[in-house]
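# Structural features, examined
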Amino acid sequence: MSNALKTTVLLAGLTALLLLVGERLGGPRGLVVAGFFVIVMNFASYWFSDRIALAMHGAQPLEYAEAPWLHQMVERLAARAGMPKPKLYLLPTRTPNAFATGRNPEHAAVAVTAGIMDILDQRELEGVLAHELGHVKNRDTLIGTVAATLAGVISYAAQMLFWFGGSMLSRDDDEDGLGHTLGNLGVLLVAPIAATLLQLAVSRSREYGADATGAQLCGDPNALADALLKLERGAELMPYDRAPATSHLFIVNPLSGGAIMRLFSTHPPIPERVRRLREMGARSGSRAWRSAWA
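Residues numbered from 1 in each chain as written. Predicted model: local features only at pLDDT ≥ 70, side-chain atom pairs only at ≥ 80, totals over all residues. Heavy atoms only, no water.

### A closer look at the overall build of the chain
A tally of regular secondary structure across the chain gives nine helices and four strands. In sequence order, the secondary structure elements of the chain are arranged as α-β-α-β-β-β-α-α-α-α-α-α-α. A separation of at least 24 residues holds for 71% of the contacts in the chain among residues at least 6 apart in sequence. Accessible area of the chain: about 14300 Å², with a carbon and sulfur share of 63%. (Helix = DSSP H or I, 4+ residues; strand = E, 2+ residues; numbered from the N terminus. Contact = heavy atoms within 4.5 Å. Areas by Shrake-Rupley, 256 points an atom, 1.4 Å probe, with all protein chains shown as cover.)

Written out as structure tokens, the structure reads:
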């Protein structure tokens, strides 16, 4: 299936799970309440998610005079993508990474860390920026916000009802009442985990799409592949755990974690991403283009 179809199915799964939680725990009234919270939270996320994400990481505007070559690079890529040039921000951390945010191409921002410019050459950095513009072009930032909001509402509702909604989990002490109680307890236990896995699946699916779009924008899939390998190593040496809830925004997972955490990773495996990009490079003959940066 294409990434777009996968994302649609996964978001539909999150929505269905939310409706199930609302119906099981509160009947029609619970469904309405859950729907109301989703609307309110999605509205707030749509309008303010970019400012919130940038503020959480202490990002500062990167003025043109500070890095004219970087602004020119973004201008060139944005023109190829047929979209306005996003605002540029700098994160004051030595961990090499980058992310994009914003509700649409007209209100987008790209943030890079101070460390990313220390380990990547211009060719590789252009691949990273093209990836981030790919997210904006594909409206992944909005999709990710919706997925995170749905998953957050499900988890929050389950937690609140687990601690404070005991009276809603039982009926009469007859057989039907016991079955209803057990069913609701099952929903409370399973729903947050399922919501998290669906949200992470959305994030992983969108990373592959942004890699493909970014490779097309910069014209050199191998540049992005080389950058991913360096960034993965940089994240391993210098994990960045500020605002873990936003880890899905970054081009590589900024958090440290062993093999047991791969199921809950917000990103697909770097080797698989690199493999796909290498295959694109072999088909497009991008190795010849590499010499332009020599």
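Let us keep going from here.
### Some words on the packing of aromatic side chains
This model, assessed by the stated rule, comprises two aromatic pairs. Taken together, a centroid distance of 5.0 Å and an interplanar angle of 70 degrees make the contact between Phe99 and Phe250 edge-to-face. One end of the pair, Phe99, is in strand β3 (residues 98–102); the other, Phe250, is in the loop between α7 (221–237) and α8 (270–284), with 151 residues separating them in the sequence. Accessibility assignment for this pair places Phe99 and Phe250 in one class, buried. Taken together, the ring pairs connect Phe99, Tyr240 and Phe250 into an aromatic cluster. Its guanidinium or amino end placed over the ring of Tyr208, Arg276 lies 3.7 Å from that ring's centre, counting from NZ or CZ. (Phe/Tyr/Trp six-rings, centres within 6.5 Å; stacked < 30°, edge-to-face > 60°. Buried < 20%, exposed > 50% of the residue type's maximum accessible area, 1.4 Å probe, protein only. Lys NZ or Arg CZ within 6 Å of the ring centre and 35° of its normal.)

### Quick notes on helix α2 (residues 68–81)
Quick reminder: α-helices carry 3.6 residues per turn. Residues three or four places apart thus point the same way. Over its 14 residues, α2 runs 20 Å from end to end, which matches the ideal 20 Å to within 8%, given 1.5 Å per residue. Among the residues of α2, those classed as buried are Leu70, His71, Met73, Val74, Leu77, Ala78 and Ala81. Buried residues in α2, looked at end-on, bunch into an arc of 155 degrees, giving them a common side. Once α2 ends, the next one or two residues include Gly82, with phi positive near 70 degrees. (Expected span 1.5 Å × (residues − 1). Arc of directions from axis to C-beta.)

### Brief notes about the sheet that holds strand β4 (residues 108–113)
A sheet is described by the order of its strands in space; here four strands give the open sequence β1-β2-β4-β3, paired in mixed fashion. The open sheet has two edge strands with one neighbour each: β1 (60–61) and β3. Examined bridge by bridge, strand β2 (residues 87–91) and β4 share five bridges and lie parallel to one another. Following the sheet pairing, Tyr89 is matched in β4 by Ala111. (Pairing = 2+ DSSP bridges.)

### Some thoughts on the packing of α7 against α8
Put simply, α7 and α8 touch, their axes get as near as 7 Å, and they point 160 degrees apart. On the basis of their axis angle, the class for α7 and α8 is roughly antiparallel. Judged by the sense of rotation from one axis to the other, the crossing of α7 with α8 is left-handed. Where α7 abuts α8, its residues Pro221, Asn222, Leu224, Ala225, Asp226, Leu228, Leu229 and Glu232 lie against Ile270, Arg273, Val274, Leu277, Arg278, Met280, Gly281 and Ser284. Here the residues of the contact of α7 with α8 are counted per class, giving nine nonpolar, three polar and four charged. (Axes fitted to C-alpha atoms, helices over the stretch in contact; angles between N-to-C directions. Parallel < 35°, antiparallel > 145°, perpendicular 65-115°, else oblique. Left-handed = near helix turned anticlockwise from the far one by under 90°. Nonpolar A, V, L, I, M, F, W, Y, C, P; charged D, E, K, R; others polar.)

### Considerations on α7
With 17 residues, α7 should reach 24 Å at 1.5 Å per residue; the first-to-last C-alpha distance of 25 Å fits that figure. Turning to α7, its buried residues are Pro221, Asn222, Ala223, Leu224, Ala225, Asp226, Ala227, Leu228, Leu231, Gly234 and Ala235.

### Remarks on unusual backbone geometry
Positive phi, normally seen in glycine, also occurs at Arg139, with a value near 60 degrees. Looking at the element boundaries, Arg139 is found in the loop between α4 (122–137) and α5 (140–164). According to the relative accessible area criterion, Arg139 is partly exposed, its value standing at 39%.

### Considerations on the packing of α4 against α7
Relative orientation of the contacting elements α4 and α7 amounts to 95 degrees, with a least axis distance of 8 Å. In terms of orientation, α4 lies roughly perpendicular with respect to α7. Packed against α4, whose contacting residues are Arg123, Glu124, Gly127, Val128 and His131, the element α7 presents Asn222, Ala223, Leu224, Asp226, Ala227, Lys230 and Leu231 at the interface. Residue composition of the contact of α4 with α7, grouped by class: five nonpolar, three polar and four charged.

### A short note on the pairing of β4
The buried count for β4 comes to six of six residues, which makes it a mostly enclosed element. By the alternation rule, side chains of β4 split into Ala108, Val110 and Val112 and Ala109, Ala111 and Thr113, which are all buried. Across five bridges, the pairing between β3 and β4 is antiparallel. Within β4, the residue paired with Ala98 across the bridge is Val112. Between β3 and β4, which pair antiparallel and follow one another directly, the connecting turn spans five residues.

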